[in-house]
Amino acid sequence: AQSVTQPDIHITVSEGASLELRCNYSYGATPYLFWYVQSPGQGLQLLLKYFSGDTLVQGIKGFEAEFKRSQSSFNLRKPSVHWSDAAEYFCAVGAERTASKLTFGTGTRLQVTL
Amino acid sequence: DAEITQSPRHKITETGRQVTLACHQTWNHNNMFWYRQDLGHGLRLIHYSYGVQDTNKGEVSDGYSVSRSNTEDLPLTLESAASSQTSVYFCASSRLAGNEQFFGPGTRLTVL
């Protein structure tokens, strides 16, 4: 069975600083990988996804993520954080054969200081 | 615009009562999912469905049931609510395997 680890429960960055949120997955074959964002009191919104091909994927709101098979990682990055990026971020993995069913990490809460 | 809605948005109930949370999507998606979100656990899958008359158990299905009589709806029923089921519940849908899941706004359930 697949699993996801987000080692950072809470991260604080200054507005304008760069951001990297870590995600490590466990799955024996090629995974389908997703990053979702949840603003307070809201549902989840997809930021980006990786299925195959180019290992650097671009998403909405200026986010990108890089799939590194050798490290079983799919870290999310943004070069310059805005105060509106403060939210909770979830990494998720789906199995190639049953990618409809996702396993989510426990989330990383991002706080942005002005 | 197509959307996914959940009702009620907030619910307070008592231990032992039966509770049903509604989920309705207008995308005509085959796949629908129910998750619960708890601090420190992220989202955990309760039940899911790949089409009409199809239902499957997720990792935390005990005490919950679903039924799928049409494409648009997947109601979640708590047969006998317990305090451990106090949580925020999210419904999601997707078109095909590997596609993005679209999430509803959530239902905050409190069991006293």
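Refer to the structure presented above.
Reading guide: rules and limits
- Residues numbered from 1 in each chain as written.
- Chains lettered and ligands numbered in written order.
- Predicted model: local features only at pLDDT ≥ 70, side-chain atom pairs only at ≥ 80, totals over all residues.
- Heavy atoms only, no water.
- Helix = DSSP H or I, 4+ residues; strand = E, 2+ residues; numbered from the N terminus.
- Phe/Tyr/Trp six-rings, centres within 6.5 Å; stacked < 30°, edge-to-face > 60°.
- Buried < 20%, exposed > 50% of the residue type's maximum accessible area, 1.4 Å probe, protein only.
- Contact = heavy atoms within 4.5 Å.
- Buried area = accessible area lost by both parts, 1.4 Å probe.
- Salt bridge = Lys/Arg side-chain N within 4 Å of Asp/Glu carboxyl O.
- Pairing = 2+ DSSP bridges.
- Axes fitted to C-alpha atoms, helices over the stretch in contact; angles between N-to-C directions.

The next thing to look at is unusual backbone geometry. Negative phi is the rule for most residues except glycine; trans is the rule for most peptide bonds. Cis peptide bonds are those with omega within 30 degrees of zero, and the linkage from Ser 7 of chain B to Pro 8 of chain B qualifies with -5 degrees. Note that Pro 8 of chain B resides in the loop between strand E1 (4–7) and strand E2 (10–13).

As a further point, take the packing of aromatic side chains. Evaluation of the coordinates by the stated rule reveals 17 aromatic pairs over all chains. Ring geometry for Tyr 50 of chain A and Phe 74 of chain A: centres 6.4 Å apart, planes at 45 degrees, overall tilted. In this pair, Tyr 50 of chain A is assigned in strand E6 (residues 44–50) and Phe 74 of chain A in strand E9 (residues 73–78), connecting sequence segments 24 residues apart. An identical accessibility class is assigned to Tyr 50 of chain A and Phe 74 of chain A; each is buried. Taking the centre distance of 5.4 Å and the plane angle of 85 degrees together, the rings of Phe 104 of chain A and Tyr 35 of chain B count as edge-to-face. Taken together, the residues span two chains, with Phe 104 of chain A in strand E11 (residues 102–104) and Tyr 35 of chain B in strand E4 (residues 31–38).

Attention now goes to the interface of chain A and chain B. Contact with chain A, which involves 20 residues of that partner, is made by 23 residues of chain B. Summed over the three residues of chain A that lose the most area to chain B, namely Ser 100, Lys 101 and Phe 104 of chain A, the buried surface amounts to 34% of that side. On inspection of chain A and its partner chain B, the count reaches zero salt bridges. Taken together, the elements giving at least two residues each to the side of chain A that touches chain B come down to strand E5 (32–38), E6 and E11 of chain A. In terms of residue count, the dominant contributor to the side of chain A that touches chain B is E5 of chain A (four residues).

Once that is clear, we can look at the pairing of strand E2 (residues 10–14) of chain A. Residues and elements named next belong to chain A. Burial along E2 is one-sided: the residues Ile 11 and Val 13 are buried and none of His 10, Thr 12 and Ser 14 is. Looking at chain direction, E2 and strand E12 (residues 108–113) are connected through five bridges and run parallel. Looking at the pairing, Ser 14 lines up with Thr 113 of E12.

Now for the sheet that holds strand E3 (residues 19–25) of chain B. Residue and element names in this part refer to chain B. In space, the four strands of this open sheet follow the order E1-E3-E8-E7, with antiparallel pairing throughout. Looking along the sheet, the strands with just one partner apiece sit at the ends: E1 and strand E7 (64–66). Averaged over all pairs of adjacent strands, the angle between their axes in this sheet comes to 20 degrees, without regard to strand direction. Here three bridges tie E7 to strand E8 (residues 76–78), and the two strands are oriented antiparallel to one another. Note on E8: the bridge partner recorded for Val 66 is Leu 76.

This part takes up the environment of His 10 of chain B. Within the secondary structure, His 10 of chain B is located in strand E2. Expressed as a C-alpha distance, the spacing of His 10 of chain B and Ser 93 of chain B, which sit 83 residues apart in the sequence, is 21 Å.

Attention now goes to the side chain of Glu 64 of chain A. For Glu 64 of chain A, the location among the structural elements is in strand E8 (residues 64–68). Excluding residues within four positions of it along the chain, Glu 64 of chain A makes contact with Leu 48, Leu 56, Val 57, Gln 58, Asn 75, Leu 76 and Arg 77 of chain A.

Here we come to the pattern of salt bridges. When the charged atoms of two side chains lie near each other, side chains of opposite charge can form a pair. Residue and element names in this part refer to chain A. Scanning all chains against the criterion turns up eight salt bridges over all chains. Across the pair Glu 66 and Arg 77 runs a salt bridge whose closest N-O atoms are separated by 3.2 Å. Here Glu 66, found in strand E8, pairs with Arg 77, found in strand E9; they are 11 residues apart in sequence, far enough to count as distant. On the accessibility criterion, Glu 66 (24% relative accessible area) is partly exposed. A salt bridge links Glu 88 to Arg 109; the nearest nitrogen and oxygen atoms lie 2.8 Å apart. With Glu 88 in strand E10 (residues 87–94) and Arg 109 in strand E12, the pair connects residues that are 21 residues apart, well separated along the chain. On the accessibility criterion, Glu 88 (13% relative accessible area) is buried. Accessibility expressed as a relative area gives 40% for Arg 109, which makes it partly exposed.

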